[in-house]
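# Coordinates in review
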Amino acid sequence: MSFDPKIFMEKVKAKNTGESEFHQAVEEVFESLDTVLDKHPEYLEAKIPERLVEPERVIMFRVPWIDDAGKVQVNRGFRIEMNSALGPYKGGLRFHPSVNLGILKFLAFEQVLKNSLTTLPMGAGKGGSDFDPKEKSDNEVMRFCQSFMTELQRHIGPDTDVPAGDIGVGGREIGFMFGQYKRIRNEFTGVLTGKGLNWGGSLIRPEATGYGQVYFAEEMLKANKKSLEGLTCLVSGSGNVAQYCTEKVLDLGGKVVTFSDSSGMVYDPEGVNREKLAFVMDLKNVRRGRIKEYADKFPNVEFMAYEKNADCNPLWDIKADVALPSATQNEINAKDAANLMKNGVFCVSEGANMPTEPEGIECFLEAKILYGPGKAANAGGVAVSGLEMSQNSMRLGWSREEVDQKLHGIMKNIHQNCLETAETYGVPGNYVVGANIAGFLKIADSMLDQGYV
Ligand code: NDP
């Protein structure tokens, strides 16, 4: 019995029509797995590949809410409960107008392997809505979150499914959703992670994805006898991941020269310092403004508005050493990848999920630069969510140092595991294959143990 990724993908595409991001994520993983699957006919007999791409459950629901003008609005809510072989479903909620079934299935599928890599007991899920929190009042966001949770609460629970944040879902939204869950179910449990510190949240959870992404970059550099000190970094996005990624780069002596949002990018050749970072945090987390204001506020900063249908992103065409994509999927195409390397970038650590298109990944792998794929490099966020669940179960809280130390240890382990697995499978230095195979093996063996479910 042998595995043909081409035939497998044809079936996946036929069964999941129009879900291009899901196809992309599945293809990227199964392209790496043929050697493993050839060695393990028992996985094929048990239909592990077919079961991995079929969510255990997909929940889709109507979310009606009333806006400030008194008008009824209707959005669509989703929760993909993808795989529970390793623990309760775990993964973020995304609120963004682009959200659809295919995007959430790609994210849920990535989450399966990512959560496996963390070594923590977490299954995988993802959810969200096509609701756009931009330019909504706090009360509108609250009403939406309450309506969303009124349905979602039937399907989740601290031992069943534990959502967290993602794009458009931060501390404010988690708070509103937690409040509604508690009100309806009359129980105070760790049903969401990313909670406020006063009511069950973990220290370092807001920082975790960005810090972890930089720890991963540092490990890749260390394995090549280099360090982040003095290196120039390109960061995309300006939300949760981008902010704390920048903070950690500053801690480690590197320089960040860019930020972006969906309207454009800023280039600050002098580099972001703590004061400028504090400005971005206030701009994005409190005032909820646009990144252009950074260029209005600080001297010698260039703002470039993004053009619709441009064939490349100017953010990736700047002289630098390290790229830290932290905005969204498919933000680096083949041309961007070529521009990055032309400008001297030799290390890419992904904070966003699937930010690089397949052709871009191919460029990085061919050039043999240090390339840490999202499912490994951004696993720090869900790892600390796992630690938040542990603290909630024990009803106690660890110190900042304790959580950060655990996060750092987990990122080092993930890096080592990817590196060793790549070596074992004959592709030394290829973190894509390393992450895919290492994540897959644990899931596949657990699914075998648990029978045909
Ligand atoms: P935020 O909502 O806090 O920030 C997202 C940032 O990306 C914003 O600056 C946003 O700009 C920008 N952005 C979003 N969509 C687009 C787009 N289509 N084009 C250009 N810019 C865009 O989200 P996070 O920081 O939490 O998430 C960023 C990435 O990291 C996502 O890929 C997410 O899946 C991934 N991730 C997040 C984790 C977490 O713990 N939060 C964990 C692991 C991965 P604008 O405001 O204009 O929309």
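If you're wondering where the values come from, they're calculated on a predicted model, not measured in any experiment.

### Points about the sheet that holds strand 11 (residues 322-324)
Reading across from one edge, 7-6-11-12-13 is the order of the five strands in this open sheet, with parallel pairing throughout. The sheet terminates laterally at strand 7 (255-256) and strand 13 (370-372), the two strands that pair on one side only. When strand 6 (residues 232-235) meets strand 11, the two strands line up parallel, connected through three bridges. Paired with V235 across the two strands is L324, which belongs to strand 11.

### A few points about the domain arrangement of the protein chain
Often the size quoted for an interface is simply the accessible area lost on bringing the parts together. Under the domain assignment, the protein chain is made up of domain 1 (5-187) and domain 2 (208-368). Centre-to-centre, using C-alpha coordinates, domain 1 lies 26 Å away from domain 2. Counting residues at the interface gives 14 residues for domain 1, matched by 13 residues for domain 2. Summing both sides of the interface, domain 1 and domain 2 together bury roughly 990 Å²; the carbon and sulfur share of this comes to 48%. Contact with domain 2 buries surface across domain 1, with Q24, F106 and R172 losing the most and accounting together for 41% of the total. Inspection of the region where domain 1 meets domain 2 yields zero salt bridges. Contributing elements (two or more residues each) for the side of domain 1 that touches domain 2: helix 2 (20-30) and helix 6 (101-117).

### Details of the sheet that holds strand 9 (residues 264-267)
Read across the sheet, three strands follow the order 8-9-10 without closing on themselves; strand pairing throughout is antiparallel. Only two strands of the sheet have a single neighbouring strand rather than two, namely strand 8 (258-261) and strand 10 (302-305). For this sheet, the mean angle separating the axes of adjacent strands, direction not counted, is 15 degrees. Examined bridge by bridge, strand 8 and strand 9 share four bridges and lie antiparallel to one another. Residue pairing for strand 9: S260 is matched across the bridge by M265.

### Points about the packing of aromatic side chains
For any pair of aromatic rings, the description consists of the separation of the ring centres together with the inter-plane angle of the planes. Per the counting criterion, the structure on display carries 24 aromatic pairs. With a centroid separation of 5.5 Å and 90 degrees between ring planes, the pair formed by Y43 and F440 is classed as edge-to-face. With Y43 in helix 4 (residues 41-45) and F440 in helix 18 (residues 431-449), the pair connects residues that are 397 residues apart, well separated along the chain. Consider the rings of Y211 and Y244, whose centres lie 6.3 Å apart with planes at 75 degrees: the pair is edge-to-face. Here the residue Y211 occupies a position in helix 9 (residues 205-222), and Y244 occupies one in helix 10 (residues 240-251), the gap between them amounting to 33 residues. The class of Y211 is buried, set by a relative accessible area of 3%. Counting every residue linked through ring pairs, the aromatic cluster contains F61, W65, F95, F131, F144 and F148.

### A look at the environment of R183
In this structure, R183 sits in helix 8 (residues 171-185). Residue class for R183 comes out exposed when judged on its relative accessible area of 62%. Taking the C-alpha atoms as reference points, R183 and T150, 33 residues apart in sequence, are found 9.7 Å from one another. Separated by 3.1 Å, the side chains of R183 and Q180 make a polar contact.

Criteria and cut-off values
- Residues numbered from 1 in each chain as written.
- Predicted model: local features only at pLDDT ≥ 70, side-chain atom pairs only at ≥ 80, totals over all residues.
- Heavy atoms only, no water.
- Pairing = 2+ DSSP bridges.
- Helix = DSSP H or I, 4+ residues; strand = E, 2+ residues; numbered from the N terminus.
- Domains from an automatic or database assignment.
- Contact = heavy atoms within 4.5 Å.
- Buried area = accessible area lost by both parts, 1.4 Å probe.
- Salt bridge = Lys/Arg side-chain N within 4 Å of Asp/Glu carboxyl O.
- Axes fitted to C-alpha atoms, helices over the stretch in contact; angles between N-to-C directions.
- Phe/Tyr/Trp six-rings, centres within 6.5 Å; stacked < 30°, edge-to-face > 60°.
- Buried < 20%, exposed > 50% of the residue type's maximum accessible area, 1.4 Å probe, protein only.
- Polar contact = N/O pair within 3.5 Å; in protein donor to acceptor, adjacent residues only side chain to side chain.

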